[in-house]
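The chain contents come next:
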2 protein chains.
Amino acid sequence: HHEAIMLGHGSGGAMTAELIQRVFLKYFHSDGLQQKNDAANLAIPDNIHRIAVTTDSHIVTPLFFPGGDIGRLAVCGTVNDLLTAGATPKWLSAAFILEEGLPIAVLEQILESMKKSAEEAQVEIVTGDTKVVERGKGDGIFINTTGIGYIAENFQPGGEKAAPGDAVILSGTIGDHGMAVLCARGELGIRADISSDAAPLNEIVRNLQPFARSVHVLRDPTRGGLSTTLNEIANQSQVGIELDEKSIPISKEVNAVCEMLGFDPYTTANEGKMIIIVPDEIKQDVLLAIRRSKYGENAAIIGRVFPNHSPIVLLQTNLGTHRILDPLPGELLPRIC
Amino acid sequence: HHEAIMLGHGSGGAMTAELIQRVFLKYFHSDGLQQKNDAANLAIPDNIHRIAVTTDSHIVTPLFFPGGDIGRLAVCGTVNDLLTAGATPKWLSAAFILEEGLPIAVLEQILESMKKSAEEAQVEIVTGDTKVVERGKGDGIFINTTGIGYIAENFQPGGEKAAPGDAVILSGTIGDHGMAVLCARGELGIRADISSDAAPLNEIVRNLQPFARSVHVLRDPTRGGLSTTLNEIANQSQVGIELDEKSIPISKEVNAVCEMLGFDPYTTANEGKMIIIVPDEIKQDVLLAIRRSKYGENAAIIGRVFPNHSPIVLLQTNLGTHRILDPLPGELLPRIC
Ligand SMILES: Nc1ncnc2c1ncn2[C@@H]1O[C@H](COP(=O)(O)OP(=O)(O)OP(=O)(O)O)[C@@H](O)[C@H]1O
Ligand SMILES: Nc1ncnc2c1ncn2[C@@H]1O[C@H](COP(=O)(O)OP(=O)(O)OP(=O)(O)O)[C@@H](O)[C@H]1O
Ligand SMILES: [Mg+2]
Ligand SMILES: [Mg+2]
Ligand SMILES: [Mg+2]
Ligand SMILES: [Mg+2]
Ligand SMILES: [Mg+2]
Ligand SMILES: [Mg+2]
């Protein structure tokens, strides 16, 4: 009963088995893991003909920050990517790269958070892996989650489906995650009351089901923020997107910290937000559906899609001028997720 | 056009997009990736009612060794875990944690190897992720692959299905991977002509299909080697397993290096071997089917399952004595896969 991770915990032998049994399986329960085989054997219902598959590794630093931690991120990030396909998230794999010396108590705190987030998101962790690297060859813990969800025939949004005239809806405020992690690093000597938005957005997407065929695009503006994600969509659909600055939800605190430090909230990461693109005719109904969903209370219509010979994202500023919103070029905030 | 990985390649912005487009997508082609959405949208055939799901992160050092490299391992390891479920491997996710400073040329060499291994194993990489950690917070490259395969109703082996009287077959020699990586480290000043066995075992499992319902257990003896894996099976099935030392395939070189360095070949890792447990009546037919498969030429019947009140793995040695084969306790060779 060790207090910290040792190289032997990655041997694949008795120490690994004991760590899995005594620590990981204390938090993870599922039929897939219960089978104790090298691959989980999972049933697909007869009415399911398509699945969504997505993967993300998580390397955030620090491991804990206001509003979340690496475990919550690892679950929610993958769940939200499944939701962007209109899918119902079902199963996650969870693979851990642990650094020698990681306190088991820290690991358990992260697992507890993964367990809670997975319950909230109604997904099961069905298979796992545990590797250990020597001190100084990793950074505490890296977590990969890969997700599988069921796709319904009538609900298959995609980045290529934005059409001129469509409305662009955002499910809430921008910049919270990036600024929360930045402040948590403490390097800048800033104390701000900012929490990460890390959250699973199942309910928002579930409440879009009545509009299924009309939901053109769903995408979560994570690394690279709103600007980068909208540029990706503009590129895939070969359209222009125009945003109205005054309609874009942002908290006072995030705005203040961004201004003070020279960060752009439009390229700052979010971990609990969704961009929803739908035909103009239904935008008000869709907005209401989102607003009555958990994590969708602050949703707003933030812009529209217009025809353009080259993809572009424009911001109509509060001053009435236009600004081009470019994708984030390189790294401003490394290891944000 | 950078020559080495920079933090900006993990931003999720333009530098990440360029790295994916110019480097990763040069090697990976699939419908899933072609969609350019956050999750791949994949069709499941009407006759498929179950899928296998498995995950492994790969942290091997050195990145290249005789017979393989981290890329080949990452593909084959996950493919073989799918095969242990009797599944037909179909799709992989691939998630990369790159250390700042990794030469792009090294990355490309690894991707080329993944591409070739995926072609050989007939799997497609359908979704990916790219993260970057600062110099000294990783070790060149870590790769997670998560795999999905189709399961046929009549072919569902499991570690819990070993039955007294069953024969234990091994698809080839033991210890090659572990000793190849150890020698490649060069720390021990040993030069041996040992190559890793890293390989996808699709053909072996395909050739078992005529015996489908009778294949009780399939498992790949990776970390922890033959001893650890057989102990897992003995535990799951609550049986004893007895091996006959003289029938267990091992190369002269591996045997010599193990003796010289005091390693036990029975707990040394393999990356291209399968344990196959079937009823005694069909063992010769199964053995022939395996021997005419790629990577199965040296297959042998190595032992049998017997009833026992507690799980145990016994070795009848060349000297006629019995030795208990225990699981590997802790770490002898860290970062072997
Ligand atoms: N961190 C974890 N949490 C939950 N289950 C885990 C974890 N790590 C491994 N497992 C489960 O333990 C079992 C053994 O995993 P292990 O990684 O040893 O198998 P493997 O992938 O076949 O071997 P290797 O990793 O050496 O290739 C599997 O059922 C796996 O899903
Ligand atoms: N190394 C890679 N090889 C191939 N495709 C990749 C790779 N990394 C990412 N991709 C693909 O690029 C697209 C964008 O991936 P990205 O990771 O930026 O999306 P995301 O997971 O939604 O964002 P985030 O990682 O910030 O949560 C996806 O289609 C993904 O499959
Ligand atoms: Mg993501
Ligand atoms: Mg996403
Ligand atoms: Mg594993
Ligand atoms: Mg494995
Ligand atoms: Mg295995
Ligand atoms: Mg990603």
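Everything here concerns the structure above.
Quick caveat, the model's predicted, so the values are computed rather than measured. (Residues numbered from 1 in each chain as written. Chains lettered and ligands numbered in written order. Predicted model: local features only at pLDDT ≥ 70, side-chain atom pairs only at ≥ 80, totals over all residues. Heavy atoms only, no water.)

## Some remarks on the overall build of chain A
Selection criterion: Counting from the N terminus, the helices are the DSSP runs of H or I reaching at least four residues and the strands are the DSSP runs of E reaching at least two. Here the radius of gyration uses the C-alpha set of atoms, whereas the globule reference equals 2.2 Å times the residue count to the power 0.38. Throughout, the Shrake-Rupley method with a 1.4 Å probe supplies accessible areas, and for residues the shown protein chains are the sole cover considered.
Helix and strand counts for chain A stand at 9 helices and 14 strands. Its C-alpha radius of gyration of 21 Å places chain A within 12% of the 20 Å reference for a compact globule of 337 residues. Taken over the C-alpha atoms alone, chain A extends approximately 65 × 55 × 35 Å along its principal axes. With an accessible surface of roughly 12400 Å², chain A has 49% of that area assigned to carbon and sulfur atoms.

## Looking at the interface of chain A and chain B
Interfaces are often sized by the amount of accessible area the parts lose when they come together. Keep this limit in mind: Any two residues whose heavy atoms approach within 4.5 Å are treated as being in contact. Defined in terms of a 1.4 Å probe, buried area is the accessible area two parts forfeit on being brought together, summed over both. Salt bridge, as applied in this entry: a Lys or Arg side-chain nitrogen positioned within 4 Å of an Asp or Glu carboxyl oxygen. Any N or O atom pair separated by 3.5 Å or less is treated as a polar contact, with the protein-specific requirement of one donor-capable and one acceptor-capable atom, and with residues adjacent in sequence counted only for side-chain atom pairs. Gly counts as polar in this scheme, as do all residues outside two lists: the nonpolar Ala, Val, Leu, Ile, Met, Phe, Trp, Tyr, Cys and Pro, and the charged Asp, Glu, Lys and Arg.
Across the contact, 72 residues belong to chain A and 72 residues belong to chain B. Across the chain A/chain B interface, buried area totals approximately 5700 Å², and carbon plus sulfur atoms make up 52% of it. Where chain A touches chain B, the interface holds 8 salt bridges. For the interface between chain A and chain B, the tally reads 49 residue pairs in polar contact (both at pLDDT 80 or more). Elements with a minimum of two residues in the side of chain A that touches chain B: α1 (14–27), β1 (40–43), β2 (50–58), α3 (70–84), β5 (88–99), β6 (124–133), β7 (141–151) and α7 (225–237) of chain A. When residues of the side of chain A that touches chain B are assigned to their parent elements, the largest contribution, 8 residues, is made by β2(A). Considering only residue class, the side of chain A that touches chain B consists of 27 nonpolar, 28 polar and 17 charged.

## Quick notes on the environment of S113(A)
Residue and element names in this part refer to chain A. Within the fold, S113 resides in helix α4 (residues 104–121). As a C-alpha pair, S113 and I70 span 43 residues in sequence and 8.6 Å in three-dimensional space. Every residue in contact with S113, bar those within four places of it in the chain, is listed here: D69, G71 and R72.

## Describing unusual backbone geometry
Selection rule: Exposure classes here rest on a 1.4 Å probe applied to the protein chains alone. A residue is buried below 20% of its type maximum, exposed above 50%, and partly exposed in between.
At the junction of T61(A) and P62(A), the peptide bond is cis and its omega measures out at 0 degrees in the coordinates. On the secondary structure map, P62(A) appears in the loop between β2 and β3 (64–65). Phi at K36(A) is positive, roughly 60 degrees, even though this residue is not glycine. Its location among the elements puts K36(A) in the loop between α2 (31–34) and β1. Not every positive phi belongs to a glycine, and Q122(B) is a case in point at roughly 55 degrees. Mapped onto the fold, Q122(B) is located in the loop between α4 (104–120) and β6 (124–133). In this structure Q122(B) comes out as exposed when scored by relative accessible area, which is 56%.

## Remarks on the sheet that holds strand β8 (residues 167–170) of chain A
Residues and elements named next belong to chain A. Where we set the bar: Note: two strands are recorded as paired if DSSP finds a minimum of 2 bridges between them. Axis definition: a line fitted to C-alpha atoms, limited for helices to the stretch in contact. Angles are taken between N-to-C directions and run from 0 to 180 degrees.
Pairing is mixed across the open sheet formed by 7 strands, whose spatial order is β9-β11-β8-β12-β10-β13-β14. On the outer flanks of this sheet lie β9 (217–219) and β14 (322–324), each paired with one strand and no other. Averaged over all pairs of adjacent strands, the angle between strand axes in this sheet comes to 25 degrees, irrespective of strand direction. Pairing analysis gives 4 bridges linking β8 to strand β12 (residues 300–306), with the strands arranged antiparallel. Bridge pairing in β12 links A167 to R304.

Function-wise, these values are silent; they only describe arrangement.
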